[in-house]
Amino acid sequence: MAAMKPRTGDGPLEVTKEGRGIVLRMPLEGGGRLVVEMNADEANALGEAIKGCLG
């Protein structure tokens, strides 16, 4: 059986460039983090979609 590791906190929202990709780490309500790797075009599209929601 695998050892359970204690959760040390979900951490802040982070966006980092790793290699040729961009990695988004977003804390989720209820615990855990959503981790998404995308390329520059996808990151720009995501940014535009978010700006569109904000008005």
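Here is what the cut-offs are and how they apply
- Residues numbered from 1 in each chain as written.
- Predicted model: local features only at pLDDT ≥ 70, side-chain atom pairs only at ≥ 80, totals over all residues.
- Heavy atoms only, no water.
- Helix = DSSP H or I, 4+ residues; strand = E, 2+ residues; numbered from the N terminus.
- Buried < 20%, exposed > 50% of the residue type's maximum accessible area, 1.4 Å probe, protein only.
- Contact = heavy atoms within 4.5 Å.
- Areas by Shrake-Rupley, 256 points an atom, 1.4 Å probe, with all protein chains shown as cover.

Caption draft 1: Summary view of the overall build of the protein. Of the regular secondary structure elements, the protein holds one helix and three strands. Going residue by residue from the N terminus, the α and β elements of the protein occur as β-β-β-α. In the protein, buried positions account for 11% of the 55 residues. Partitioning the intrachain contacts of the protein with sequence separation of at least 6 by distance along the chain shows that 4% fall at a separation of at least 24. With an accessible surface of roughly 4800 Å², the protein has 59% of that area assigned to carbon and sulfur atoms.

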